[in-house]
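Notes for the structure review
So the chains spell out like this:
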Amino acid sequence: ECAPSTASSCKPGSKLTFRAPQQPYTYQDFAYGRLLGMGSYSKVVRAKKKDSGAEFALKIMDKKHITKENKVAYVKMERLILDHLDHPGVVRLFFTFQDTHNLYMGLECCHGGELFDQIRRKGRLSLEEARFYAAEIVDVLEYIHGQGLIHRDLKPENLLLTADGHIKVADFGSAKVTTPLQNGLSDAQADDKSCTFVGTAEYVSPEVLNGHPVTIGADLWALGCIIYQMLEGRPPFKGGSEYLTFQKVLAKDLVIPSHFPSAAKELINKLLNLEPDKRPGAGPAGYTALKSHAFFSGIEWLKLRQSAAPGLA
Ligand code: ATP
């Protein structure tokens, strides 16, 4: 088994080397700024390396808590996946270190915060804003799925924004590896969670709730929920309890507001198809089916990252 934060070997003779190496840093090497967020087993703070002045989002995870909460597999997964991925739409991992009590991950700092907060502050997003963010999510999902990975917990809280407003996907702790990665990670090294519910109630797909093996269709379902939420200010499936939310998801019990433009209505409806392989992006035409949808007309896919992003609220 691979240790979460050391360049160790998995099998005799197969040395793992990480892009983001474990460094002999200590907590005292950094000056700390504000708390950026809290996860269920971590806190993330703004941290400046005292010698270089370089800024990071330092994710601090209590070892005891991780072990007690059975999160060791999640932490390993996130470290290995972030190390492998290389795309402007994925939060970059620069280094790791540890001390007696904690594991630390030095992440690229996303100064714009969560997409969730942009939706909350603006109430709902304009069509142009929603289209831009959706296009950046599609662009990075195409890359992630092409790498043989399924994120499984896409939601506006896990979509972070750079200072200039571009999307970065974070939180790969629940990801599923469908094709072994070059750095030696395969799902055998993590818990096999393929048939169990992982994710967040409002964005979970019906087939996952029904215990079917997860496919990239699960992320495309979540994308449908996120586009809806950007345009309406709230997710499409929300009951008074997690159980009631699940009932709505399973029955595809949703109302698409009449103010949604017809291309948005159509795309959301297709992404929320109860059959995962009928969702655009998951069929034989691959991502072309999604990127050529009328909702995305006017998007210059190859220039997304260079174009101006929506202003932050
Ligand atoms: P959970 O496992 O409970 O879903 P999480 O994995 O989303 O939690 P973290 O990855 O620890 O939790 O992140 C917690 C919060 O910290 C995020 O929701 C976000 O607001 C903030 N955060 C995480 N990474 C960064 C980053 N690179 N830059 C800026 N803020 C970040």
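Along its length, the protein chain carries 9 helices and 10 strands. For the protein chain, buried positions account for 52% of its 313 residues. Put simply, 65% of the contacts in the protein chain that link residues at least 6 apart link residues at least 24 apart. Surface exposure of the protein chain reaches about 13,900 Å², of which carbon and sulfur atoms provide 52%.

Take the packing of aromatic side chains next. Tallying each qualifying case throughout the model produces 17 aromatic pairs. Residues Tyr-228 and Phe-260 carry aromatic rings whose centres are separated by 5.4 Å and whose planes lie at 70° to one another, so their mutual orientation is edge-to-face. Remark: Phe-260 occurs in the loop between helix H7 (242-250) and helix H8 (262-271) and Tyr-228 occurs in helix H6 (residues 217-232); sequence separation between them is 32 residues. Both residues of the pair, Tyr-228 and Phe-260, belong to the buried class. Connected via pairs of aromatic rings, a cluster forms that spans Tyr-25, Tyr-27, Phe-30, Tyr-32, Phe-56, Phe-94, Phe-95, Phe-97 and Tyr-104. Residue placement shows Lys-49 over the ring face of Tyr-25; its charged tip is 4.3 Å from the ring centre. Sitting above the plane of the Tyr-74 ring, Lys-71 keeps its charged end 4.4 Å from the centroid.

Attention now goes to the pattern of salt bridges. For the structure shown, the criterion picks out 17 salt bridges. In this structure, Glu-232 engages Arg-124 in a salt bridge whose closest nitrogen and oxygen atoms are separated by 3.5 Å. One end of the pair, Glu-232, is in helix H6; the other, Arg-124, is in the loop between helix H3 (115-122) and helix H4 (127-146), and 108 residues separate them in sequence. Judged by its relative accessible area of 41%, Arg-124 is partly exposed. Within this structure, Arg-124, Glu-232 and Arg-234 form a network of salt bridges that share partners.

As a further point, take unusual backbone geometry. At Asn-70, a position not held by glycine, the phi torsion is positive, near 55°. Structurally, the position occupied by Asn-70 is in the loop between helix H1 (63-68) and helix H2 (72-84). Backbone geometry at Arg-152 places phi at a positive 70°, although glycine is not the residue there. Take Arg-152: it is sitting in the loop between strand E7 (149-150) and strand E8 (159-161).

Spatial strand order, E6-E8-E9: 3 strands in an open sheet with antiparallel pairing. A single partner strand is all that each edge strand has here, and the edge strands are strand E6 (113-114) and strand E9 (167-169). As defined by bridge partners, E8 adjoins E9 across 3 bridges and the pair is classed as antiparallel. Across the sheet, Leu-159 pairs through a bridge with Val-169, a residue of E9.

Attention shifts here to the site of the ligand. Close contacts around the ligand come from 20 residues, with Ser-40, Ser-42, Lys-59, Glu-108 and Glu-114 the closest. Ser-42 places a polar side-chain atom, nitrogen or oxygen, 2.3 Å from an oxygen atom of the ligand. One of the side-chain N or O atoms of Glu-114 is found 2.5 Å from an oxygen atom in the ligand. Relative to its unbound accessible surface of 620 Å², the ligand loses 88% to contact with the protein. Put simply, the ligand lies in the largest pocket.

What follows covers the packing of H3 against H6. How two helices sit against one another is set out by the angle between their axes and by the gap between those axes. Contact geometry for H3 and H6: axes closest at 9 Å, N-to-C directions at 30°. Relative to H6, the element H3 is oriented roughly parallel. Contacts between H3 and H6 involve Leu-115, Phe-116 and Ile-119 from the first element and Ile-226, Gln-229 and Met-230 from the second. The residue makeup of the contact of H3 with H6, split by class, is 5 nonpolar, 1 polar and no charged.

This part is about the environment of Pro-88. Position of Pro-88 among the secondary structure elements: in the loop between H2 and strand E4 (93-98). Classification of Pro-88 by relative accessible area gives partly exposed; the value is 42%. Along the sequence, Pro-88 and Asp-139 sit 51 residues apart, while their C-alpha atoms lie 9.9 Å from each other. Discounting chain neighbours no more than four positions away, the residues touching Pro-88 are Ile-167, Lys-168 and Arg-305.

Taking strand neighbours across the sheet as the criterion, the 5 strands line up as E1-E2-E3-E5-E4 in an open arrangement whose pairing is antiparallel. Looking at which strands have only one partner, the edges of the open sheet turn out to be strand E1 (30-38) and E4. The sheet shows a mean angle of 25° between the axes of neighbouring strands, direction not considered. Across 5 bridges, the pairing between E4 and strand E5 (residues 102-107) is antiparallel. Pairing of Phe-97 across the sheet is with Tyr-104, part of E5.

Procedures and definitions
Residues numbered from 1 in each chain as written. Predicted model: local features only at pLDDT ≥ 70, side-chain atom pairs only at ≥ 80, totals over all residues. Heavy atoms only, no water. Helix = DSSP H or I, 4+ residues; strand = E, 2+ residues; numbered from the N terminus. Buried < 20%, exposed > 50% of the residue type's maximum accessible area, 1.4 Å probe, protein only. Contact = heavy atoms within 4.5 Å. Areas by Shrake-Rupley, 256 points an atom, 1.4 Å probe, with all protein chains shown as cover. Phe/Tyr/Trp six-rings, centres within 6.5 Å; stacked < 30°, edge-to-face > 60°. Lys NZ or Arg CZ within 6 Å of the ring centre and 35° of its normal. Salt bridge = Lys/Arg side-chain N within 4 Å of Asp/Glu carboxyl O. Pairing = 2+ DSSP bridges. Near = heavy atom within 4 Å. Polar contact = N/O pair within 3.5 Å; in protein donor to acceptor, adjacent residues only side chain to side chain. 1 Å grid on protein atoms, 1.4 Å probe; cavity = no way out; pocket = protein on both sides within 12 Å on 5 of 7 lines; lining within 4 Å. Sits in = over half its atoms within 2 Å of the grid points. Axes fitted to C-alpha atoms, helices over the stretch in contact; angles between N-to-C directions. Parallel < 35°, antiparallel > 145°, perpendicular 65-115°, else oblique. Nonpolar A, V, L, I, M, F, W, Y, C, P; charged D, E, K, R; others polar.

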